[in-house]
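Observations on the three-dimensional arrangement
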Amino acid sequence: MSFVTYDHGQADGVEIDGIRVYKAFERQAGLRGLRFVHPRWTGLCAAMRRAGADIYYQRTAGVESGRCAAGAA
């Protein structure tokens, strides 16, 4: 099982109690207005590729739902 989360300064791909955690992007990284695409979309897609899951479960209402669907395709 893996999780993709914000970059809070943790190491990428760290394993905690059998769960691997991948960082996607820092919340305030990037230029305002452009950060929608980079680093947010590109970072999330890259983290999902590193996780390499067969099934993705996304649990919030917001733009991340569309990004996860696009990244999983």
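The text that follows walks through the structure, step by step, so that each part is easy to find. Small disclaimer: the values here were computed from a predicted structure and weren't measured. (Residues numbered from 1 in each chain as written. Predicted model: local features only at pLDDT ≥ 70, side-chain atom pairs only at ≥ 80, totals over all residues. Heavy atoms only, no water.)

What follows deals with the pattern of salt bridges. Throughout the structure, instances matching the rule amount to four salt bridges. We note a salt bridge from D7 to K23, for which the minimum N-O separation is 3.9 Å. Of this pair, D7 sits in the loop between strand 1 (2–5) and strand 2 (14–16) while K23 sits in strand 3 (residues 19–23); the two residues are 16 residues apart in sequence, bridging distant segments of the chain. For E64, the salt bridge goes to R67, with nearest N and O atoms at 4.0 Å. Remark: R67 and E64 occur in helix 2 (residues 63–72); sequence separation between them is three residues, near one turn of the helix. Relative accessible area serves as the criterion here: at 25%, E64 is assigned to the partly exposed category. Look at R67 and you get buried, because its relative accessible area is 3%. (Salt bridge = Lys/Arg side-chain N within 4 Å of Asp/Glu carboxyl O. Helix = DSSP H or I, 4+ residues; strand = E, 2+ residues; numbered from the N terminus. Buried < 20%, exposed > 50% of the residue type's maximum accessible area, 1.4 Å probe, protein only.)

One face of the sheet, then the other: side chains in a regular strand alternate in exactly this way. In this structure, strand 1 lies alongside strand 3, joined through four bridges in parallel fashion. By the bridge assignment for strand 3, V4 is matched with Y22. Relative to strand 3, strand 2 runs antiparallel, the two sharing three bridges. Paired with E15 across the bridge in strand 3 is R20. Connecting strand 2 to the next strand, strand 3, in antiparallel fashion are two residues, including D17 with a positive phi near 50°. (Pairing = 2+ DSSP bridges.)

Before going further, it helps to spend a moment on the sheet that holds strand 2. Taken in spatial order, the three strands of this open sheet run 1-3-2, and their pairing is mixed. Each having just a single partner strand, strand 1 and strand 2 make up the two edges of the open sheet. The average angle at which neighbouring strand axes cross in this sheet is 30°, direction not considered. In this fold helix 1 (residues 36–51) packs onto strand 1 and strand 3, with an angle of close to 155° to the strand it touches most, strand 3. (Axes fitted to C-alpha atoms, helices over the stretch in contact; angles between N-to-C directions. Contact = heavy atoms within 4.5 Å.)

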